[in-house]
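Chain residues, written in single-letter form:
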Amino acid sequence: SIFSKIIAGEIPSYKIYEDEKIYAFLDIHPVQLGHVLVVPKEEIGDILDLSDELFSHLTTTAKNVIAPAIQQATRCVCVWFSIEWLWVPDHAHLHLIPLLKLGDLNPEKAHTESPENMSIIAEKIRSFIL
């Protein structure tokens, strides 16, 4: 999948977090600057096919490590979580989207950010991951 190519370094990404089981990086068409995708390294299409252990690790790391860093870096009201597979059907993943104000979630707001803004927000989010 495209995510496997990103994880392998074949496609560049703005990496936020990586461990032995998951890889997190900025969405290149963010709904809000700081929109992060959290992807299991294992290519599994349906979230229901993830092992309980992998599902737990994915969501717990997103909740306890990545989302708080996004919240601190963006000063958002909250971080919206969405489990996805539709746009990349062979690789289940989480979207973590910082909402600057309630009612801010609108997929039509997805846009392209400058490489400079992407680098700045990626570094800022990483700086809050302990």
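It should be emphasised that the depicted structure is a prediction, and the values quoted were computed from it without experimental measurement.

A.B. asks: Can you lay out the overall build of the chain for me, pointing to particular residues and giving the numbers?
C.D. replies: A count of helices and strands for the chain gives three helices and five strands. Each helix and strand of the chain, placed in order from N terminus to C terminus, yields the pattern α-β-β-β-α-β-β-α. Computed over its C-alpha atoms, the radius of gyration of the chain comes to 14 Å, within 12% of the 14 Å expected for a compact globule of 130 residues. Across its three principal axes, the chain shows a C-alpha extent of roughly 35 × 30 × 30 Å. Contacts spanning at least 24 positions in sequence make up 60% of the contacts within the chain whose residues lie at least 6 apart. For the chain, the computed accessible surface area is about 7,100 Å², with 57% contributed by carbon and sulfur atoms. The average position of the 10 basic charges and that of the 18 acidic charges among the side chains of the chain differ by 10 Å.

A.B. asks: Which residues make up the pattern of salt bridges, and what are the values?
C.D. replies: Within the structure shown, the criterion is met by four salt bridges. The salt bridge partner of Lys41 is Glu18, with a shortest N-O separation of 2.9 Å. With Lys41 in the loop between β3 (36-40) and α2 (52-74) and Glu18 in strand β1 (residues 15-18), this pair connects stretches of sequence that are 23 residues apart. Residue classification places Glu18 among the partly exposed residues on the basis of a relative accessible area of 34%. Between Arg126 and Glu123 there is a salt bridge, and its shortest N-O distance comes to 3.1 Å. Taken as a pair, Arg126 and Glu123 lie in helix α3 (residues 115-127) at a separation of three residues, close to a single helical turn. Under the relative-accessibility criterion, Glu123 is labelled partly exposed at 44%. When salt bridges that share partners are traced, they join Lys15, Glu18 and Lys41 into one network.

A.B. asks: For the sheet that holds β1, give the residues involved together with the corresponding values.
C.D. replies: Reading across the sheet, the five strands line up as β1-β2-β3-β5-β4 and stay open at both edges, with antiparallel pairing between neighbours. What marks the edges here is a single partner per strand, and that holds for β1 and β4 (78-84). Across the sheet, the axes of successive neighbouring strands diverge by a mean angle of 20 degrees, strand direction being ignored. Direction of pairing for β1 relative to strand β2 (residues 22-26): antiparallel, over a ladder of three bridges.

A.B. asks: Break down the environment of Lys124 for me, citing the residues and quoting the values.
C.D. replies: Relative to the helices and strands, Lys124 resides in helix α3. Residue Lys124 is classed as partly exposed on the basis of its relative accessible area of 39%. It is 8.4 Å that separates the C-alpha atoms of Lys124 and Ala69, two residues lying 55 residues apart in sequence.

A.B. asks: Help me get a handle on α2, residues and values and all.
C.D. replies: Note: α-helices contain 3.6 residues per turn, so residues at a spacing of three or four share the same orientation. Between the first and last C-alpha of α2 there are 31 Å, a value that for 23 residues agrees with the 33 Å anticipated at 1.5 Å per step. Its axis deflected by about 40 degrees at Ala62, α2 carries its strongest bend there. Within α2 the residues assigned to the buried category are Leu54, His57, Leu58, Thr61, Ala62, Ile66, Ala67, Ala69, Ile70, Ala73 and Thr74. Just downstream of α2, Arg75 is the residue with a positive phi angle, here 60 degrees.

Thresholds, definitions, all that
Residues numbered from 1 in each chain as written. Predicted model: local features only at pLDDT ≥ 70, side-chain atom pairs only at ≥ 80, totals over all residues. Heavy atoms only, no water. Helix = DSSP H or I, 4+ residues; strand = E, 2+ residues; numbered from the N terminus. Rg over C-alpha atoms; globule rule 2.2 N^0.38 Å. Contact = heavy atoms within 4.5 Å. Areas by Shrake-Rupley, 256 points an atom, 1.4 Å probe, with all protein chains shown as cover. Lys, Arg positive; Asp, Glu negative; His and termini not counted. Charge placed at Lys NZ, Arg CZ, Asp CG, Glu CD. Salt bridge = Lys/Arg side-chain N within 4 Å of Asp/Glu carboxyl O. Buried < 20%, exposed > 50% of the residue type's maximum accessible area, 1.4 Å probe, protein only. Pairing = 2+ DSSP bridges. Axes fitted to C-alpha atoms, helices over the stretch in contact; angles between N-to-C directions. Expected span 1.5 Å × (residues − 1). Bend = angle between axes of the 7 residues up to and from the residue.

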